[in-house]
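Here is what each chain is made of, one letter per residue.
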Amino acid sequence: MGEPPPRNRGISEDWLAVVVGLLLFALALAGVIPPGLAP
Amino acid sequence: MATSEHTRRPVLHAALGVAVVLALSWVAHHLSTAVPAATEGTALAGVGAAVEFPVYAILLGLLGNAALGATGVRERLSGGFRTEFFIKTGLVLLGASINLRVIASAAGPAIAQSVVLICVVFGFSWWLGGRLGLEDRLRALLSAAVAICGVSAAIAAAGAVQAKREQLAYSAGLVIAFALPSIFLLPVAATALGLDPAVTGAWIGGNIDTTAAVTAAGTLAGEESLQIATIVKVTQNALLGVVAVALTAYFALRVERRPVGVPAARQLWDRFPKFVLGFLATSVAATVHLAHAPGGKAAIGVVNDLRTWFLVLAFVSIGLEFRASALKQAGWRPVGVFAASTAVNVLVALGLAVLLF
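Let me sum up the structure you'll find in this document. (Residues numbered from 1 in each chain as written. Chains lettered and ligands numbered in written order. Predicted model: local features only at pLDDT ≥ 70, side-chain atom pairs only at ≥ 80, totals over all residues.)

Here we look at the overall build of chain A
So, point 1. Across its full length, chain A carries one helix and zero strands.
So, point 2. Out of the 39 residues belonging to chain A, those deemed buried represent 28%. (Helix = DSSP H or I, 4+ residues; strand = E, 2+ residues; numbered from the N terminus. Buried ≥ 20, exposed ≤ 12 C-beta atoms within 10 Å, placed from the backbone.)

Right under this line is the structure:
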């Protein structure tokens, strides 16, 4: 009916988000990422 | 050669799409700091300070959507509009803001309030959505958004029930539309009702959906209110994982059950939003880090900054991916469900705040 189909890439994107999130978290805790990034 | 060319171009287009998201996010970030500074001391100062980055990000995304649509390149670049990835990464990072020790030691009433409030408001919204004939996935998103923590909860629910992106954009739009006036109205109403600061904080934290708006309203109401509001909100955020698991189970086993032969555990695991595991991992790690590292708060502040960036990217992508057709189909009913559920949330949260704080 012209609607886009439901998302099908959920699982891989889920895991990628976990890996990237944990990596950034670890880098921030290690002091590698400087403060003052956000709005 | 032809095959190589064929597979390379989608990657190039996706990279261009990501570049568009990054550029618009940078502008949204810039506006969220420049507008409050520019309106300071004018009649628009309150509005300038209250309009937060999600509003700029979604509006810029919608503008980009219109511009790319008019030039006919939106579909080609859409591979770079990774709303789910951006927001799920943001939610993994959100876990770092949840100090489980604080919740366990100081948030007894907050836990009671959150559990009762989520059950009552989610239940009401789900029931009303059913009565008005809303599609199951949309009512799951709206119910999670209004009952727990706004856009984050809608995203978690979207992962659990495999919702369409239009349903997510719709839910996010409603959350923001309702959160903006609440920032001003709740502190004023609390003063008019003569509530003490702790009750005001609990009311604000249990009521306003987005964490940033809770902070804004809590700040307007005073320091003690802000502290209580933050604890209540963080407790609700922590329950996000529980609701995501429950929704996954409900949709996998009841609403969209697959043909026989696929074990229930397998269906559950396939649908389970894996970022919830990352969310729990960062909560535990941040709690341990804060307990053992003297300067731990600064590092958690950096994680919160990163989270904000990923949410800006996500909101821009939501704007870029937005399609009006799904909203026209849904009509006014989702707005009615959200408004009625918000009213129930206001009243029940007030009753619980007075009772428990």
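Moving on from the model shown.
Remarks on the overall build of chain B
So, point 1. A count of helices and strands for chain B gives 19 helices and zero strands.
So, point 2. Along the first, second and third principal axes, the C-alpha atoms of chain B reach 70 × 60 × 50 Å.

Focus on the interface of chain B and chain A
Note on interface size: it is often stated as the accessible area lost on association of the parts.
So, point 1. Taken together, the contacts link 35 residues of chain B with 24 residues of chain A.
So, point 2. At the level of secondary structure, the elements contributing two or more residues to the side of chain B that touches chain A comprise α1 (2-39), α5 (83-94), α16 (275-292), α17 (296-321) and α18 (324-330) of chain B.
So, point 3. Looking at the side of chain B that touches chain A, the element that brings in the most residues is α17(B), giving nine residues.
So, point 4. The class makeup of the residues in the side of chain B that touches chain A is 17 nonpolar, twelve polar and six charged. (Contact = placed C-beta atoms within 7 Å. Nonpolar A, V, L, I, M, F, W, Y, C, P; charged D, E, K, R; others polar.)

So, helix α8 (residues 136-147) of chain B
All names here are of chain B.
So, point 1. Look at α8: 16 Å from first C-alpha to last across twelve residues, which is about the 16 Å you get at 1.5 Å a residue.
So, point 2. Burial within α8 is extensive, with eleven of its twelve residues counted as buried.
So, point 3. Inspection of α8 places Arg137, Leu138, Arg139, Ala140, Leu141, Leu142, Ser143, Ala144, Ala145, Val146 and Ala147 among the buried residues, and these make up the whole buried set. (Expected span 1.5 Å × (residues − 1).)

A word on the nonpolar core
As a rule of thumb, nonpolar side chains are buried together in soluble globular proteins.
Residues and elements named next belong to chain B.
So, point 1. By size, the foremost hydrophobic cluster in this structure holds 120 residues, and its most contacted members are Leu141, Ala144, Ala154 and Ala157.
So, point 2. It is α17 that contributes the most residues to this core, 15 residues altogether.
So, point 3. Ignoring any residue separated from it by four or fewer positions in sequence, one finds Leu141 in contact with Ala154, Ala157, Ala158, Ala163, Gln167, Leu168 and Ser171. (Core = buried A, V, L, I, M, F, W, Y, C linked by C-beta atoms within 7 Å.)

Concerning the environment of B:Ala157
Residues and elements named next belong to chain B.
So, point 1. Here Ala157 is to be found in helix α9 (residues 150-161).
So, point 2. Sequence spacing of Ala157 and Val245 is 88 residues, and the spatial spacing of their C-alpha atoms is 9.1 Å.
So, point 3. If we ignore the near neighbours within four places in the chain, the residues touching Ala157 are Ala140, Leu141, Ala144, Ala244 and Leu247.

Notes on the packing of helix α7 (residues 108-131) of chain B against α8(B)
Residue and element names in this part refer to chain B.
So, point 1. Their axes nearest at 8 Å, the elements α7 and α8 cross at an angle of 150°. Considered as vectors, α7 and α8 are oriented roughly antiparallel to each other. Crossing angle aside, the handedness with which α7 passes α8 is right-handed. Between α7, through Ile118, Val121, Phe122, Ser125, Trp126, Gly129 and Gly130, and α8, the contact on the second element is made entirely by Arg139, Leu142, Ser143, Ala144, Val146 and Ala147.
So, point 2. Broken down by class, the residue content of the contact of α7 with α8 amounts to eight nonpolar, four polar and one charged. (Axes fitted to C-alpha atoms, helices over the stretch in contact; angles between N-to-C directions. Parallel < 35°, antiparallel > 145°, perpendicular 65-115°, else oblique. Left-handed = near helix turned anticlockwise from the far one by under 90°.)

Re unusual backbone geometry
Residue and element names in this part refer to chain B.
So, point 1. We note that Gln162 has phi near 55°; this positive angle belongs to a residue other than glycine.
So, point 2. Mapped onto the secondary structure, Gln162 falls in the loop between α9 and α10 (165-193).
So, point 3. The class of Gln162 is partly exposed, set by 17 C-beta atoms lying within 10 Å.

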